[in-house]
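Geometric and topological summary
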Amino acid sequence: MASYTIRAAEANDLAGIMELEHACFPTDAWSEKSMREELAAEHTTYLVLAEVTPGEAGYGVVGYAGLSKLSGSEQGDIQTIAVSPDARGKGYGRRLMEELLSVAAGQGATEIFLEVRADNPVAQGLYESLGFKVIDRRRNYYQPDGVDALVMRVALEAAPKLPIVLGIESSCDETGVGIVRGGELLANVISSSMDLHARFGGVVPEVAARAHLEALQPTLRKALAEANVSLEEIDAIAVANGPGLAGALMVGVGAAKALAVGLGKPIYAVNHLVGHVGADVLERGQVEVPTIALLVSGGHTSLLLVNDLLDDVQLLGETIDDAAGEAFDKVARLLGLKYPGGPEIDRAAAEGNPVAIRFPRGLMLPKDMEKHRYDFSFSGLKTAVARWVEVAHDSGAEFSVADVAASFREAVVDILVTKAVNACLAHNVPRLLLGGGVVANRRLREVAAERCAKHGIELRIPEFSLCTDNGAMIAALGAQLVMAGREPSALGFGADSTLPVTTVQTP
Amino acid sequence: MTYILAIDTTAGTSVALLAADRVLAHVHHDSGVKHAELIGEAIAQVFAETGVRANILDAVAVGRGPALFTGLRVGIAAGIMFAEAVGSKLVGAVSHDAIALSLYETDGSLGPAPLLVTTDARRGEVYWALFGGLDAAGLPITLAGPSVGKHAEIVVALNAEHGEVTERTGGATAVWVARLAQRQLAAGIATDEVSALYLRAPDAVPPKPNQQFGKRVSG
């Protein structure tokens, strides 16, 4: 069974094209000389529909179509189109036309013209379905048959050139370089210093900052290779300038500024947390708003109300002590588990009973609702686990690490999801977006899915490589700013470890 | 003619553009803070002032310290990325070597005694290096260091080993980082090693086992 492919015409397609030309237009075929000149001309684009037969090297031309558009002109013409009778009725004519129209739009054309025989209603129908309208009739245009030509025209949406943006992320222990074209992910390379922090049981800011400096150049080069773009093709640089660890952020900021100045390209200083929300652009093409966003990592636990990604992001609440990821790390340590604690507790909890021990839920009491309705506190929970383990130890009784891990995890997840769902309900927002490294926690995803389903809330969890800290989300947010026509940031911005989420872009 | 951009954030924020030995532009902020804020404009300014196009650079030179970490990293990160952006060579320079070169070239009061260059390392310590003049290529000859330690102890130890040393304290500027790099390039000994000379380990202590929270939380 043959299959068909559309590709650019090559010089050695001429014979196949001419054969089809004579078959399709027996009375007024172009000469071989004219066709050769058409194929070779600077201002034309010819595509062929080729038959690919498995096991055979050769191609058979079963269709072709050509566009003429002079550079600098906003008008183009469809020169010809033909599809061999046995390949007709399968939508290939339409695909050839669509490809040519998209080529024309890419070359800056805003209107395309064509002529069609007045006695060919099938072709007219195809063109009409593509948006062409008859604007003129030329009497006796086709000779020797004496058939009129209908002149048709379609207006093209000038396809905006999508900006290629390179994003740099260095707010904590991941050096991230991401590259996007508009809302399309081209590369997302992350170099983590997590292993270096393991013996300290938590992220050491100075260790993280040193690792960023060493990872910058290799991470950049890897991202460019992955995206298959050169630095010259980058249209703008985006960098996370806060919130995060100051010394770590400064490495990214210094690097991004030098890159922007060296390339002569604009720079956008963007908010790291809003970047987590912006990551969804890369999977959905946009962030549907309004949405509640729950961002949970080793450094942050924040609940955001996003009415507009670029203009209206509000902080509903955040942790008043430890971040959720930090609580996982600390409890893992006291249970004798490794760093980072999240995956270790997840593993240990798999065999445990989540309701074995009722650990306290911080800031969940009615009295907390006035001041801390959407804030989080995990310090008391961590201490409660420590006390429980000490008492169990002192009593000499055997206890199940799995039960402690499962019960602790259940408490953290319960707090996170309860507050996030409450925020959705209170603000009448039918969407919840999760972000941050703790999203890797299986139980968090399960409980969020269950409770969102129960309340008719749509749950969005981007792919994990876009949830954890990464440069692609920074690039994505930067690209949204570029496409919205925002001014770049002035070069004098600094790193702000406590940058509020209301500052999506530092001006 | 060799065009070189030098960046040094070991003391202030210093950026210079040189053609061979000639300074075309030099932006220098003395303050030892706000490196991340200042670095972008400083680099942009040396090109704007001179009209030199960044893509004709032969090399980007960066001061590697030793110096206080946070500011130091900003300059090195910027230097690495600028070299990537314009596709030029990267040269790493020990900042104390650049200070020594500037002193040998400009301080007429220096005698034949070994030159001790010190800079503030906080915590009652100094970053230091000891030099014994310039070699045939015009480059400072390092006798000891760079290192970090208590000032008084270092002076006593160096005097005992090298005879009476002459001490100068100061900060590096990008101009002399550039000149040092120029001479290293000319002598064929320039290196693209730009890792930061921290000389101190991060202040972090792994937690002791069985004492996870420092103290028990219950009786």
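What counts and what doesn't
Residues numbered from 1 in each chain as written. Chains lettered and ligands numbered in written order. Predicted model: local features only at pLDDT ≥ 70, side-chain atom pairs only at ≥ 80, totals over all residues. Helix = DSSP H or I, 4+ residues; strand = E, 2+ residues; numbered from the N terminus. Buried ≥ 20, exposed ≤ 12 C-beta atoms within 10 Å, placed from the backbone. Contact = placed C-beta atoms within 7 Å. Rg over C-alpha atoms; globule rule 2.2 N^0.38 Å. Core = buried A, V, L, I, M, F, W, Y, C linked by C-beta atoms within 7 Å. Domains from an automatic or database assignment. Pairing = 2+ DSSP bridges. Axes fitted to C-alpha atoms, helices over the stretch in contact; angles between N-to-C directions. Expected span 1.5 Å × (residues − 1). Nonpolar A, V, L, I, M, F, W, Y, C, P; charged D, E, K, R; others polar. Parallel < 35°, antiparallel > 145°, perpendicular 65-115°, else oblique. Left-handed = near helix turned anticlockwise from the far one by under 90°. pLDDT = per-residue confidence, 0-100.

On to the overall build of chain B. Each helix and strand counted, chain B has five helices and nine strands in total. Element order for chain B, N to C, with α for helix and β for strand: β-β-β-α-β-α-β-α-β-β-β-α-β-α. The principal-axis extents of the C-alpha atoms in chain B amount to approximately 75 × 45 × 30 Å. Taking all 219 residues of chain B together, 48% fall into the buried category. Intrachain contacts of chain B at a sequence separation of at least 6 include 71% that bridge at least 24 residues.

Within chain A one finds 17 helices and 18 strands. In terms of overall dimensions, chain A is more spread out than a globule: its C-alpha atoms have a radius of gyration of 30 Å, far above the 23 Å expected for 507 residues. Counting all 507 residues of chain A, 49% fall into the buried class. Long-range pairs, those at least 24 residues apart, make up 71% of the contacts in chain A between residues at least 6 apart in sequence.

Counting 197 residues, the largest nonpolar core has Leu304(A), Ala61(B), Val177(B) and Ala181(B) as its most contacted members. With 14 residues, helix α14 (residues 401–426) of chain A is the largest single contributor of residues to this core. The two domains that each donate at least three residues to this core are domain 2 (164–279 + 468–506) and domain 3 (292–461) of chain A. Dropping the residues within four chain positions of it, Ala181(B) is found in contact with Ile4(B), Ala6(B), Ala59(B), Ala61(B), Val91(B), Ala93(B) and Ala190(B).

For the rest of this paragraph, the subject is the environment of Thr219(A). Residue and element names in this part refer to chain A. Among the structural elements, Thr 219 can be located in helix α6 (residues 205–227). Look at Thr 219 and you get buried, because 23 C-beta atoms sit within 10 Å. Sequence-distant contacts of Thr 219, defined by excluding residues within four places in its chain, comprise Thr 175, Val 177, Val 189 and Ser 191.

Okay, the sheet that holds strand β13 (residues 291–296) of chain A next. Note on sheets: strands pair through backbone hydrogen bonds, and any given pair is parallel or antiparallel. Residue and element names in this part refer to chain A. With mixed pairing, the five strands of this open sheet are ordered in space as β15-β14-β13-β16-β17. Either end of the sheet is taken by a strand with one partner, and the two such strands are β15 (312–318) and β17 (458–460). Going across the sheet, the axis of each strand differs from the next one's by a mean of 20°, ignoring polarity.

This brings us to helix α3 (residues 95–106) of chain B. For α3(B), with twelve residues, the first-to-last C-alpha span of 17 Å sits near the 16 Å given by 1.5 Å per residue. Taken together, the buried positions of α3(B) are occupied by Ser95(B), His96(B), Asp97(B), Ala98(B), Ile99(B), Ala100(B), Leu101(B) and Ser102(B).

Before going further, it helps to examine the sheet that holds strand β8 (residues 140–150) of chain B. Residues and elements named next belong to chain B. In spatial order, the strands read β8-β7-β6-β9; together these four strands make up an open sheet with mixed pairing. Both outer strands of the open sheet, β8 and β9 (166–169), are each paired with one neighbouring strand and no more. Sheet twist, expressed as the mean angle between neighbouring strand axes with direction ignored, is 25°. Pairing between strand β6 (residues 115–120) and strand β7 (residues 125–134): six bridges, direction antiparallel. Counterpart to Asp 120 in the pairing with β7 is Val 126. Where helix α4 (residues 151–162) meets the sheet, it contacts β6, β7 and β8, and its direction lies at approximately 145° from that of β8.

This part takes up the interface of chain B and chain A. Counting residues at the interface gives 33 residues for chain B, matched by 36 residues for chain A. Where the side of chain B that touches chain A is concerned, the elements lending two or more residues are α1 (35–50) and α2 (69–86) of chain B. In terms of residue count, the dominant contributor to the side of chain B that touches chain A is α2(B) (13 residues). Its residues assigned to classes, the side of chain B that touches chain A comprises 22 nonpolar, four polar and seven charged.

Attention now goes to the packing of α6(A) against helix α7 (residues 246–263) of chain A. Helix-helix packing is described using two parameters, namely the angle between the two axes and the distance between the axes. Residues and elements named next belong to chain A. Interaxial distance between α6 and α7 falls to 8 Å at its minimum, and their mutual angle equals 20°. Classified by the angle their axes make, α6 and α7 are roughly parallel. Considering how the two elements wind past one another, α6 and α7 form a crossing that is right-handed. Residues Pro 205, Glu 206, Ala 208, Ala 209, His 212, Leu 213 and Leu 216 of α6 touch α7, and the partners they reach there are Gly 247, Ala 248, Val 251, Gly 252 and Ala 255. Counted by class, the contact of α6 with α7 contains eight nonpolar, three polar and one charged residues.

Our next topic: the confidence of the model for chain B. Confidence in the prediction of chain B, expressed as mean pLDDT, is 93, and 95% of residues score 70 or more. Scoring the predicted complex yields pTM 0.80 and, for the interface, ipTM 0.95.

This part covers the environment of Ala236(A). Residue and element names in this part refer to chain A. Relative to the helices and strands, Ala 236 resides in strand β11 (residues 236–240). Residue Ala 236 is classed as buried on the basis of its 21 C-beta neighbours within 10 Å. When the C-alpha atoms of Ala 236 and Pro 488 are compared, they prove to be 8.8 Å apart, with 252 residues separating the residues in sequence. Discounting chain neighbours no more than four positions away, the residues touching Ala 236 are Pro 163, Val 165, Lys 265, Pro 266, Tyr 268, Gly 478 and Val 482.

What follows concerns the packing of α7(A) against α1(B). Between α7(A) and α1(B), the shortest axis-to-axis distance is 9 Å and the interhelical angle comes to 15°. Compared by their axis directions, α7(A) and α1(B) come out roughly parallel. Crossing hand, α7(A) versus α1(B): right-handed. Two secondary-structure elements touch here, α7(A) through Met250(A), Val253(A), Gly254(A), Lys257(A), Ala258(A) and Val261(A) and α1(B) through Ala36(B), Ile39(B), Gly40(B), Ile43(B) and Ala44(B). The residue inventory of the contact of α7(A) with α1(B), partitioned by class, reads eight nonpolar, two polar and one charged.

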